[in-house]
Structure formats: structure tokens, C-alpha cells
Amino acid sequence: MSTAAAKKTLSNDAYDVEAIRADFPAMSLQVNGKPLVFLDSGASAQKPSVVLERMDRMYRSEYANVHRGAYRLSELATENYENARKTVAQFMNASVDEIVFTRSVTAAINLVAHSFGRAFLKAGDEVVISHMEHHANIVPWQLLRDIMGIVIKVAPIDDDGNFLIDEFKKLLGPKTKLVAITHCSNVLGTITPIKEITRIAHEAGAKVLIDGAQGIVHLGVDVRDVDCDFYGFTGHKLYGPTGIGVLYGKRDLLNALPPYEGGGDMIELVTFEKTTYREAPARFEAGTPPIVEAVGLAAAIDYVNSVGLDRIAKHETGLRDYAMKRLGEIDGLTIIGRPREKGPIVSFTLEGAHPHDIATIIDSKGVAVRAGHHCAQPLMERCNVAATARASFAMYNRIEDVDALVDALNTVKDIFG
Ligand SMILES: *Cc1c(COP(=O)(O)O)cnc(C)c1O
């Protein structure tokens, strides 16, 4: 792969954020007559040219349905699709047959809730989540509760947003069948100790699902090392396209689960009396999959690898520290979430201004942040706020973006006096 950023990083160990920005078309956008300052990558990240070009090339000259045609173009599409699975597997240190392509992490969690839930849970069994879960890791368990009478237990956090491991331990018992916890909070930035959580859950005989939507972007994951049973993430937050997500599951476990959706490609043999299902991952990929999206995701992972996840993380941590310091100096501003281990996500409130007003006013300066409950209403309640504004940082952000945010927030203060 030859991109400006990749070339730079080979010859120069200093993180060249300008070279990286040059790889992202959105970084040269103007909005409201101002250069875009994009601080909402936690909701969805911008895409590097290599992803857009790869998808365009596939649609133009390598496109057909997969796993079907006995002709060259379909073989090529199948190769590309299966190579994308390989890229994802290597990225997570999994095997290819442990990688299920889904629509998103939301779809991945719903898959586990339905397949694992219906096959292995019964009324009274317990699923442990945490107080800082995204709705995507709350509501599927509630749906299952309504269907089968499982019990949801919530592991608490402290006022700084730290995951309380000792309190978590107390919730586990013989009825605990699954622990489903986020790797990194999309609101507080809290990084949870997923390896320790997994070990403790396994000792109690429970399986573990990690919501990696934020975690994989900033920290990466080695699923062998963590030893979790499931790990889900979503492509569009990892600089890939929308419409593609991943569910990692341990091979034997995946093959022990019943299919979730039925359709083409997931079967071995169909008669009206009986149908037999293929092994994972095929059994969970009913119908035409997101072919080009998977290939786009693989291009995004190649790009991230070419820059280096460690170097990206170090850069993002620098931005977070600088943002915490500068925002902390603003009178009347409260940072929500000061956990010991924190990703590059900074939520805050400003006295006298609703988060939506903050976001609207600073948008006129070209600064894009998220405002609202961030799909985590129970967490908002825990933090005693109705909503927050949230700045989230990605590989293409720079120190000047934080300065622009602070300047724009001072305008908000002037308006609201
Ligand atoms: C964004 C996010 C999700 C949901 O991602 P989708 O792409 O909408 O499925 C789930 N969990 C966390 C922690 C997130 O940040």
C-alpha cells in the first residue's frame, strides 16, 4: 500500500498528523465557511482515500456475488471477501472461521442474544452488564428477558467512571451465564480490564461478550490473550464503511450455537422436511453479505496497520491529555468521567448551556461534537446529567483542533453570559 502517511511513517518515527490528514478527504472540508474540526469520530470516523478507492475499484471491476458463480468474477469477489476475513482475523489474533461478518456491532450483539441466549439460557439465568453500556448492549438483553425471563444484573461504576471489579465479582454466581461488558465507554472513555473480567467470569462458569465498538479503535484487541468468548465491533468507527460489523466467537462455541437468521448460503441441504446448517462462520451469514463493505473494512485495517495502532494510540492519548487540561481550565465546565484508564473521549457539560446549544453554536465555527445521551441513558442518570457534549479524538485530529474547540466554547460562554 502506498499512501502519504504510510511512506512518512516508514522513514520518520515522529507522528506526522498532516500526512495522515492528507489521506482523509473529509479533513479538507469547509463547513459553515470554516475548516471542519471533526471531533465526533466516536460516533463514526471519517474514511481514508484507500478505503474509498478500494470499494470503488471493487464495484467497477471486481464485483459479483460471492460463494456462488463458477465464473472468474465471482471467484475474484469471493477471494476478496474471504481475504477481508483473514485481515480481520489477523487484526484480532483469531482464526478465519471465528470471524462472522455482520451489519454492525449492534447486529453482532443481537446475534449472540438470540443464538446463545435461546440455546443456552433459561428463565432465571443471569446476564451481567455494566452501568456504562451503550443501548446496543442493554436492549438486546431486555428483549431476551421479555421472551425468556432471564435476569439482568448491572455492575456498578464509581463517581469517576471506574469499573468496580470487586463489586462486579459479588454479582457473579451459579446462575451467571454471560457477562457482556464494553471494552471502552463511548461516553466516559473508561477502559475496562477485559482480561481480568474474562478470567473472573470464567471462574464463575460464565461466557464473556465484549462490546469492542470503541475499544478496538483505540486499543486493538488480542482475543487469544483476553480469552473472551465473543468480541464484537463495528467497521465505521474503525475508518471503514457503514453496514459492516464483526462478531468474533470461539470456534467450538460458534458451532454449538443455532443459526440466527435463515436464508441462502448458511445451509448444507434444504428439503421441506429438514435443513442442515453449515459450520461457522457461514451458518451466521444468511443471504448476500456486505461484500464490498467487508473489503472496505479490510482496507481500513491495512491502513491502520500501516500507520501503527500503538503510534495512533499514543497520538490520541496526547490529544486527550491536552483536551482534559484545556477544557478543565474553562470556568463552569465539568468533565464527566475521570477514570484511571481512559480512551480519547471527553464528555463535558457547561453551566447554563444545554449540550445541544453548545453543539449548534460551535458548529457555526466548524467544530463538530456530539450532544445528547449518546445511547447510554442509564449512564446519564448515574452521572446526574440529562445529556453531555462529547469530543472524541481519532488518528487525524491535531492539537489545533482542541484549541479550536476551546475558542468555540468561549464563544458559547459569551452568548450565555
Ligand atoms: C457506537 C457504539 C455501539 C453501536 O455501534 P453500531 O455501529 O451503531 O452498531 C455499541 N457500543 C458502543 C460502545 C459504541 O460506541
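Residues numbered from 1 in each chain as written. Predicted model: local features only at pLDDT ≥ 70, side-chain atom pairs only at ≥ 80, totals over all residues. Heavy atoms only, no water.

Let's talk about helix α8 (residues 194-203)
Alright, step 1. Of the positions making up α8, those classed as buried are I194, I197, T198, I200 and A201.
Alright, step 2. On its buried side, α8 packs onto α7 (165-171), β7 (176-182), β8 (207-211), α10 (223-226) and β9 (230-234). (Buried < 20%, exposed > 50% of the residue type's maximum accessible area, 1.4 Å probe, protein only. Helix = DSSP H or I, 4+ residues; strand = E, 2+ residues; numbered from the N terminus. Contact = heavy atoms within 4.5 Å.)

Some thoughts on helix α5 (residues 105-120)
Each full turn of the α-helix corresponds to 3.6 residues, which orients residues three or four apart in the same direction.
Alright, step 1. With 16 residues, α5 extends 21 Å from end C-alpha to end C-alpha; this agrees with the ideal 22 Å at 1.5 Å per step.
Alright, step 2. Along α5, the residues that are buried comprise V105, A107, A108, I109, N110, L111, V112, A113, S115, F116 and G117.
Alright, step 3. Buried residues in α5 make contact with β4 (99-102), α6 (139-148), β7, β8, β9 and β10 (245-249).
Alright, step 4. You can read the cap of α5 off the contacts: a side-chain oxygen lies 3.3 Å from the backbone nitrogen of T106, and it is on S104. (Expected span 1.5 Å × (residues − 1). Polar contact = N/O pair within 3.5 Å; in protein donor to acceptor, adjacent residues only side chain to side chain.)

Considering the sheet that holds strand β13 (residues 333-336)
Alright, step 1. Taken in spatial order, the four strands of this open sheet run β13-β14-β17-β16, and their pairing is antiparallel. Looking at strand neighbours, the two that pair on one side only are β13 and β16 (370-372), the edges of this open sheet. Averaged over all pairs of adjacent strands, the angle between their axes in this sheet comes to 30 degrees, without regard to strand direction.
Alright, step 2. Lying on the sheet, helix α13 (residues 309-328) is in contact with β13 and β14 (345-350); it crosses β14 at an angle near 10 degrees.
Alright, step 3. Strand contacts of helix α16 (residues 399-416): β13, β14 and β17 (388-392), with the helix running at about 15 degrees to β14, the strand carrying the most contacts. (Pairing = 2+ DSSP bridges. Axes fitted to C-alpha atoms, helices over the stretch in contact; angles between N-to-C directions.)

Quick look at the packing of α5 against α6
Alright, step 1. For the pair α5 and α6, the least separation of the axes is 9 Å and the interaxial angle reads 30 degrees. Accordingly, the angle class assigned to the pair α5 and α6 is roughly parallel. Judged by the sense of rotation from one axis to the other, the crossing of α5 with α6 is right-handed. Contact residues: α5 offers I109, N110, V112, A113, G117 and R118, while α6 offers P140, W141, L144, I147 and M148. (Parallel < 35°, antiparallel > 145°, perpendicular 65-115°, else oblique. Left-handed = near helix turned anticlockwise from the far one by under 90°.)

A few points about the domain arrangement of the protein chain
Alright, step 1. Domains assigned within the protein chain are domain 1 (3-31 + 308-416) and domain 2 (52-305).
Alright, step 2. The C-alpha centroid of domain 2 is placed 27 Å from the C-alpha centroid of domain 1.
Alright, step 3. The interface is formed by 37 residues belonging to domain 1 together with 32 residues belonging to domain 2.
Alright, step 4. Together domain 1 and domain 2 conceal approximately 2,700 Å² of surface at their shared face, both sides included; 59% is due to carbon and sulfur atoms.
Alright, step 5. It is L309, L379 and R382 that lose the most area in domain 1 upon contact with domain 2, and together they represent 24% of the buried surface on that side.
Alright, step 6. Our enumeration of links across domain 1 and domain 2 arrives at one salt bridge.
Alright, step 7. Among the salt bridges present, the one from D159 reaches R382, with a minimum N-O distance of 2.9 Å.
Alright, step 8. The interface formed by domain 1 and domain 2 contains 19 residue pairs in polar contact (both at pLDDT 80 or more).
Alright, step 9. Within the residue set of the side of domain 1 that touches domain 2, elements represented by two or more residues are α13, β14 and α15 (377-382).
Alright, step 10. Ranked by the residues each element gives to the side of domain 1 that touches domain 2, the list is headed by α15, at five residues.
Alright, step 11. In the side of domain 1 that touches domain 2, the residues fall into 21 nonpolar, eight polar and eight charged. (Domains from an automatic or database assignment. Buried area = accessible area lost by both parts, 1.4 Å probe. Salt bridge = Lys/Arg side-chain N within 4 Å of Asp/Glu carboxyl O. Nonpolar A, V, L, I, M, F, W, Y, C, P; charged D, E, K, R; others polar.)

Concerning the environment of V66
Alright, step 1. Tracing the backbone shows V66 in the loop between α3 (49-61) and α4 (72-92).
Alright, step 2. Along the backbone, V66 and E79 are 13 residues apart, and their C-alpha atoms lie at a distance of 8.5 Å.
Alright, step 3. Apart from the residues lying within four places of it in its own chain, the contact partners of V66 are S74, A77, T78, Y81, D265, P289 and I291.

Structural notes on the site of the ligand
Alright, step 1. Not every one of the 13 residues close to the ligand is listed here, only the nearest: T106, D211, Q214, T234 and K237.
Alright, step 2. The separation between an oxygen atom of the ligand and a polar side-chain atom of Q214 is 2.7 Å.
Alright, step 3. With respect to the ligand, the side chain of T234 contributes an N or O atom lying 2.7 Å from an oxygen atom.
Alright, step 4. Look at the ligand: alone it shows 390 Å² of surface, and the protein chains cover 87% of it.
Alright, step 5. When its residues are assigned to classes, the shell around the ligand shows three nonpolar, eight polar and two charged. (Near = heavy atom within 4 Å. Areas by Shrake-Rupley, 256 points an atom, 1.4 Å probe, with all protein chains shown as cover.)

Points about the packing of aromatic side chains
Alright, step 1. Across all of its chains, the model carries nine aromatic pairs by this definition.
Alright, step 2. Seen in terms of ring centroids, F116 and F230 are 6.0 Å apart; in terms of plane orientation they differ by 75 degrees. Their pairing is edge-to-face. Here F230 lies in strand β9 and F116 lies in helix α5, a separation of 114 residues in the sequence.
Alright, step 3. Between Y239 and Y396 the ring centres are 5.9 Å apart and the planes differ by 80 degrees, which places this aromatic pair in the edge-to-face class. In this pair, Y239 is assigned in the loop between β9 and β10 and Y396 in the loop between β17 and α16, connecting sequence segments 157 residues apart. This pair shows no difference in class: Y239 is buried, exactly as Y396 is.
Alright, step 4. Joined through ring pairs, the aromatic side chains of F24, Y239, Y303 and Y396 make up one cluster. (Phe/Tyr/Trp six-rings, centres within 6.5 Å; stacked < 30°, edge-to-face > 60°.)

Topic: the pairing of strand β5 (residues 126-130)
Alright, step 1. The buried count for β5 comes to five of five residues, which makes it a mostly enclosed element.
Alright, step 2. Taking every second residue as pointing to the same face, both faces of β5 are buried, with E126, V128 and S130 on one and V127 and I129 on the other.
Alright, step 3. Direction of pairing for β5 relative to strand β6 (residues 151-155): parallel, over a ladder of five bridges. In the sheet register, I129 faces β6, and the bridge partner there is V154.
Alright, step 4. The handedness of the β5 to β6 crossover, carried by α6, is right-handed.
Alright, step 5. Looking at chain direction, β5 and β7 are connected through three bridges and run parallel. If you follow V128 over to β7, its bridge partner there is V179. (Right-handed = clockwise from strand over helix to strand, strands pointing away.)

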